[in-house]
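A look at the structure
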Amino acid sequence: MSFVHTGLMIAAAGLAGVPLVIHLLSRRAYRTEPWAAMQFLAAAQTVTRRRLRIEQWLLLALRILTVLLVGLALSRPFLASSSVIGAFGHAAESKVIVLDDSLSMRARRDDGASSFEAGLGVARRIVDSSDARDAIGLVLASAPARSVIQRCTRDHQAVRSALDALQCSLRMNDLGGALESAAANLDTGDDPSGSRSCYVITDMTAGAFAHGGQADAASSASIAKVGESVDRLIILDVGPKARRNLSIKGLNRISQVIGSKRPATYSLELANESDEVVNSLTVSIGLDGVTTRKLQLEQIGPWQTVVEEFELTLNVPGPHRIVARIENAEDGLPEDDVRFLAVDVVNEMRVLCVQDVPTSNAEAEPLFYVRAALGGSDSGDDRDRVLIRTCSAHGLASEVLSNYEVVILGDLPRISVETGRRLQQFVVAGGGLIIVLAERAAPEGYSVHREGVAMWLPVQPGAVVRAANPAQALGYQLADPHNFALRDFGDNPVGGLQRANVTAYREAQIAGKPGLQTLLAFSDGAPALVQQRVGRGLVLCWLTSIDMSWTNLPGKPDFVPLMLNLAHVAASGASREVNTMIGRDVTWTFPMESAGDQFPVVTPAGHSHQSGLLADVGSAVLTVEKVDESGFYTAGAGALRRLAAVNSDTGDSDLSRASVEQVRRAFGANVEIVAEAGIASAIRRAAPPREFAQFMMICLLAVVVVETIVGTVLGGVR
């Protein structure tokens, strides 16, 4: 036998001796006195002595039992339900139902229901089979895990109503966080040890248990915490038997063109997440609601991912909707067979070039070749324009930076603190900044921006490294050939980029800089071109000259497309299109003069609401927090219309089943894993220890009544 309140039982055991002490103290000492009349009573006392002694011990036993029963009732004793005494008690249990509502739970089973619908049925069965005194909690396991019922409640109707209102999400799985929330809920209850259960209803996908299997300190601590709070951890598998799935992992624009009626290249990434070969797959490509082409894939092998490229021409400026959809997929999860992409076409890109060299000799200007590359189109097409303005570092103070998509600093000797502050605001708001650090860029002229609010500068320029002679000149290497700016040059070694030479460059310290990427490197391994995301914008640093003084790259054929690509990459943060994932915020930027206005926002389901624009650094922003629908969101109207594409995270689309070993590594060795056939019996068996405090109260009442009757009757016959 165990007790919920052991201290009360110990106190009751001590108090049970009080009636005995009182009884002993009440026995007064006596002495013998001769008295003639007593000889007639001596015979009668001998006859009744035995009866009196029995009566006294009976009353004493009843009073001691009364005190013990009071202590037992208050200390809430419990025994295993299989014991004889335990059969008289009540199994008060605290239960938390963890229901997986992530994307993979939308997969269809053989009976036509989704895993989530089957999970709801199991959850209702757990509630219906619970005793009225059982406390029940409810936690959802899609990221981020959250408690629907904050504390375990005995209001079972409230739990049923919460279950009826649930819908399966499109989010990733967070079973680890859900288990921690369940443990926290159970800790708030006062039910005895051995009566706290957690039922995890999931489809047992391998991805759900991947993070819990990490053998790190945080994971071990999490498992220990769950083990302390949960007496029974039961995982109920409601997943489909067939685990075949096809998914579109990505839909991206991989080339950017300024101006409408010009083709752009897009990539489509498809994955076969099964052990079977997929033959003859068709993917339709829709543009603004009209199917424009169909991609035919002959075969995708087991667990293979393929990338297909295609071209689309957008005929008018403004936002456009592109949708890729698998037409003939025979899998159980159709929600990841579609992918959305928002594309906004603009007819011009505005670039501000800042340099301090006199313009009498144009070719000596640090940005002469850059301006020629960006504005050197021979098409004569006004729809395809890069608008370039040039100013000095002094004139930069009077420029409105929000009027430009890209600012290029051409080997400036220094940047003032005020200029650095304005450039940081420009980049944070989504602008692109390209910095050329060559002969004139003094290290001390940039050091004031290494601390505090000006940590936007990716690198600190160091000493100049020069080749001893032309024969020792360095070359360029592609450090990140998959980056959009460089992807056209990896398969073209004769185009000039990888054949150009460099006679001098600036050293740069980049170790430990978070989020910094090296795109180009010199042949000695030193960085040549680096980039860093700052707010919504991008900063790129070029660590050699961008004219003919330190390198002959401007004379190579690759220079023009490279500069155009860099300008497009830098300007990508200022794009009016938004492409994001379920569960994240959607934020659009508008001109600063729009701050305070109310704009309509339309969801993929067609619901509309008004939302206000807030003033931000250099712009006005409109934010929809933690979107939960996949598809296209729109905001504004007319020339101020904005578009966002929201996709589900296909990291949860792998339906392959987790192994028992993987589950035990994730949640401890004592977890009980139950297949669907055994769910009903798993809910019924292994009932928790039974309390019988109510039975003790009934016994106490009976003993008090008997003691009163016995005391009255015996006292009356003395």
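Residues numbered from 1 in each chain as written. Predicted model: local features only at pLDDT ≥ 70, side-chain atom pairs only at ≥ 80, totals over all residues. Heavy atoms only, no water.

A closer look at the overall build of the chain
Using the following cut-off: Strands here mean DSSP runs of E at least two residues long; helices mean DSSP runs of H or I at least four residues long; both are numbered from the N terminus. Buried residues are those whose accessible area, probed at 1.4 Å on protein chains only, stays under 20% of the maximum for their type, while exposed residues exceed 50% and partly exposed ones sit between those limits. Each accessible area is a Shrake-Rupley result for a 1.4 Å probe, and residues are judged covered by the shown protein chains and nothing else.
A tally of helices and strands in the chain yields 13 helices and 34 strands. Counting all 718 residues of the chain, 49% fall into the buried class. Accessible surface for the chain amounts to roughly 33,500 Å². Of this, 54% is attributable to carbon and sulfur atoms.

Thoughts on the nonpolar core
Defined as follows: In this description, a nonpolar core means a group of buried Ala, Val, Leu, Ile, Met, Phe, Trp, Tyr and Cys residues linked to one another through side-chain atoms lying within 4.5 Å. When checking whether two residues touch, look at their non-hydrogen atoms; a contact exists if any pair is within 4.5 Å.
The biggest cluster of nonpolar side chains holds 44 residues, and the ones touching the most others in it are Ile408, Tyr476, Leu520, Trp542, Leu562, Met563 and Leu566. When residues in this core are grouped by element, the largest group, eight residues, is from helix H10 (residues 559–571). Among residues more than four places away in sequence, those in contact with Met563 are Val370, Ala373, Leu374, Trp542 and Ile546. Membership of the second largest hydrophobic core comes to 28 residues, among which are Ile97, Leu140, Ala162 and Ile683.

Side note on the packing of aromatic side chains
Stated precisely, the cut-off is as follows: Stacked, tilted and edge-to-face are the three classes assigned to paired rings of Phe, Tyr and Trp, where Trp is represented by its six-membered ring and a pair needs centres within 6.5 Å; plane angles under 30 degrees give stacked, over 60 edge-to-face, the rest tilted.
Using the criterion set out here, one finds eight aromatic pairs in the structure. When the ring of Tyr266 is compared with that of Phe310, the centres are 5.7 Å apart and the planes differ by 20 degrees; the resulting orientation is stacked. Of this pair, Tyr266 sits in strand S9 (residues 262–272) while Phe310 sits in strand S12 (residues 305–314); the two residues are 44 residues apart in sequence, bridging distant segments of the chain. Judged by relative accessible area, Tyr266 falls into the buried class, the value being 0%. Given the relative accessible area of 3%, Phe310 is considered buried. Their ring planes at 80 degrees and their centres at 5.3 Å tell us that Phe340 and Phe632 sit as a pair that is edge-to-face. One end of the pair, Phe340, is in strand S14 (residues 338–345); the other, Phe632, is in strand S31 (residues 631–635), with 292 residues separating them in the sequence.

Describing the packing of helix H4 (residues 115–128) against helix H5 (residues 156–164)
Keep this limit in mind: Axis lines are fitted to C-alpha atoms, over the contacting stretch for helices. Their N-to-C directions set the angle, which ranges from 0 to 180 degrees. Any angle that falls under 35 degrees is termed roughly parallel, while one over 145 is termed roughly antiparallel, one within 65 to 115 roughly perpendicular, and all others oblique. Ten residues, namely Ala, Val, Leu, Ile, Met, Phe, Trp, Tyr, Cys and Pro, are considered nonpolar, four, namely Asp, Glu, Lys and Arg, are considered charged, and the remaining ones, Gly among them, are considered polar.
At their nearest, the axes of H4 and H5 sit 10 Å apart, and the two run at 175 degrees to each other. It follows from the interaxial angle that H4 and H5 lie roughly antiparallel. The residues of H5 that touch H4, namely those facing Leu120, Ala123, Arg124, Val127 and Asp128, are His156, Val159, Arg160, Leu163 and Asp164. The residue inventory of the contact of H4 with H5, partitioned by class, reads five nonpolar, one polar and four charged.

Focus on unusual backbone geometry
Here the residue pair Ala143 and Pro144 is connected by a cis peptide bond, since its omega of -5 degrees sits within 30 degrees of zero. Inspection of the secondary structure assignment puts Pro144 in the loop between strand S4 (135–140) and strand S5 (146–153). Although it is not a glycine, Met204 adopts a positive phi angle of roughly 60 degrees.

A short note on the side chain of Glu365
Operational definition: Pairs of N or O atoms are called polar contacts if they sit within 3.5 Å, as long as, within protein, a hydrogen donor faces a hydrogen acceptor (for residues adjacent in sequence, only side-chain-to-side-chain pairs).
Looking at the secondary structure, you find Glu365 in the loop between strand S15 (348–354) and helix H8 (368–374). The exposure class assigned to Glu365 is buried, which follows from its relative accessible area of 3%. Among the polar contacts made by the side chain of Glu365, one reaches the side chain of Gln355 at a distance of 2.9 Å.

Topic: the side chain of His156
With respect to the helices, strands and loops of the structure, His156 is situated in helix H5. Look past the residues within four positions of His156 in its chain and what remains in contact with it is Val127, Ser130, Asp131, Ala132, Asp134 and Ile136.

A look at the pattern of salt bridges
Put simply, the rule is: Each salt bridge in this description consists of a side-chain nitrogen of Lys or Arg and a carboxyl oxygen of Asp or Glu lying within 4 Å of one another.
Scanning all chains against the criterion turns up 23 salt bridges. For Arg160, the salt bridge goes to Asp128, with nearest N and O atoms at 3.0 Å. Of the two residues, Arg160 is situated in helix H5 and Asp128 in helix H4; the sequence distance between them amounts to 32 residues. Given a relative accessible area of 27%, Arg160 falls into the partly exposed group. Residue classification places Asp128 among the exposed positions, given a relative accessible area of 52%. Between Glu399 and Arg389 there is a salt bridge, with the nearest N and O atoms lying 2.7 Å from each other. Residue Glu399 is found in the loop between strand S16 (385–391) and strand S17 (406–410), and its partner Arg389 is found in strand S16; the two are separated by 10 residues along the sequence. Among the residues examined, Glu399 registers a relative accessible area of 10% and is labelled buried. Through salt bridges with shared partners, one network takes in Glu93, Lys95, Asp134 and Arg232.

Some thoughts on the sheet that holds strand S30 (residues 619–624)
So the rule is basically this: One requirement defines pairing of two strands: DSSP has to find at least two bridges between them.
Taken in spatial order, the three strands line up as S26-S30-S29 in an open sheet, and their pairing is antiparallel. Looking along the sheet, the strands with just one partner apiece sit at the ends: strand S26 (586–590) and strand S29 (614–616). The sheet shows a mean angle of 40 degrees between the axes of neighbouring strands, direction not considered. Bridging between S29 and S30 involves three bridges; their strand directions are antiparallel. The partner of Ala615 across the bridge, within S30, is Ala620.

Quick notes on empty space enclosed by the protein
Worth spelling out the cut-off: We place a 1 Å grid over just the protein atoms. Points where a 1.4 Å probe fits but has no way out form a cavity, open points with protein on both sides within 12 Å along at least 5 of 7 lines form a pocket, and any residue with an atom within 4 Å of a point lines it. Grid points are joined across faces, edges and corners, and a volume is the space filled by probe spheres set on the points.
Counted under the stated rule, the structure contains one cavity of 30 Å³ or more. Looking at the largest cavity, its volume works out to about 40 Å³. Together, Val370, Leu374, Ile408, Ile434, Ile546, Met563, Leu566 and Ala567 line the largest cavity. Broken down by secondary-structure element, the contributors of at least two residues to the lining of the largest cavity are H8 and H10.

Here we look at the sheet that holds strand S6 (residues 196–202)
Adjacent strands of a sheet pair through backbone hydrogen bonds, lying either parallel or antiparallel. Spatially, the six strands line up as an open sheet ordered S5-S4-S3-S6-S7-S33, and their pairing is mixed. Edge strands, defined here as strands with exactly one partner in the open sheet, are S5 and strand S33 (672–674). The mean angle between the axes of side-by-side strands here comes to 15 degrees, regardless of whether they run parallel or antiparallel. In this sheet, S5 lies alongside S4 in antiparallel orientation, the contact comprising four bridges.

Topic: the confidence of the model for the chain
Stated precisely, the cut-off is as follows: The predictor attaches a confidence to each residue, called pLDDT, with possible values from 0 through 100.
Looking at the chain, the pLDDT average stands at 82 and 81% of residues meet or exceed 70. S31 holds the highest mean pLDDT among the elements of the chain, 96, whereas strand S34 (residues 690–691) holds the lowest, 57. Low confidence marks residues 81–90, where pLDDT is under 50. Its contacts with residues over four positions away, or in another chain, come to 21 contacts. Segment residues 212–219 is flagged for pLDDT under 50; beyond a separation of four residues in sequence, or across chains, it makes seven contacts in the model.

With respect to H5
Applicable threshold: To obtain the arc, one takes the directions from the helix axis to the C-beta atoms.
Looking at H5, one finds that the buried residues are His156, Val159, Ala162 and Leu163. Buried residues along H5 cover an arc of 120 degrees about the axis, so they all sit on one side. If you follow the buried residues of H5, they end up packed against strand S3 (94–99), H4, S4 and S5.

Details of helix H9 (residues 417–428)
Convention followed: To estimate the expected span of a helix, count its residues, drop one, and scale the result by 1.5 Å.
Under the 1.5 Å per step criterion, the end-to-end length of H9 is 16 Å for 12 residues, consistent within 8% with the ideal 16 Å. Considered for burial, the residues of H9 that qualify are Thr419, Gly420, Arg422, Leu423, Gln424, Phe426 and Val427. On its buried face, H9 sits against S17, strand S18 (432–436), strand S23 (527–534) and strand S24 (537–542). Gly430 sits one or two residues past H9 and shows a positive phi near 120 degrees.

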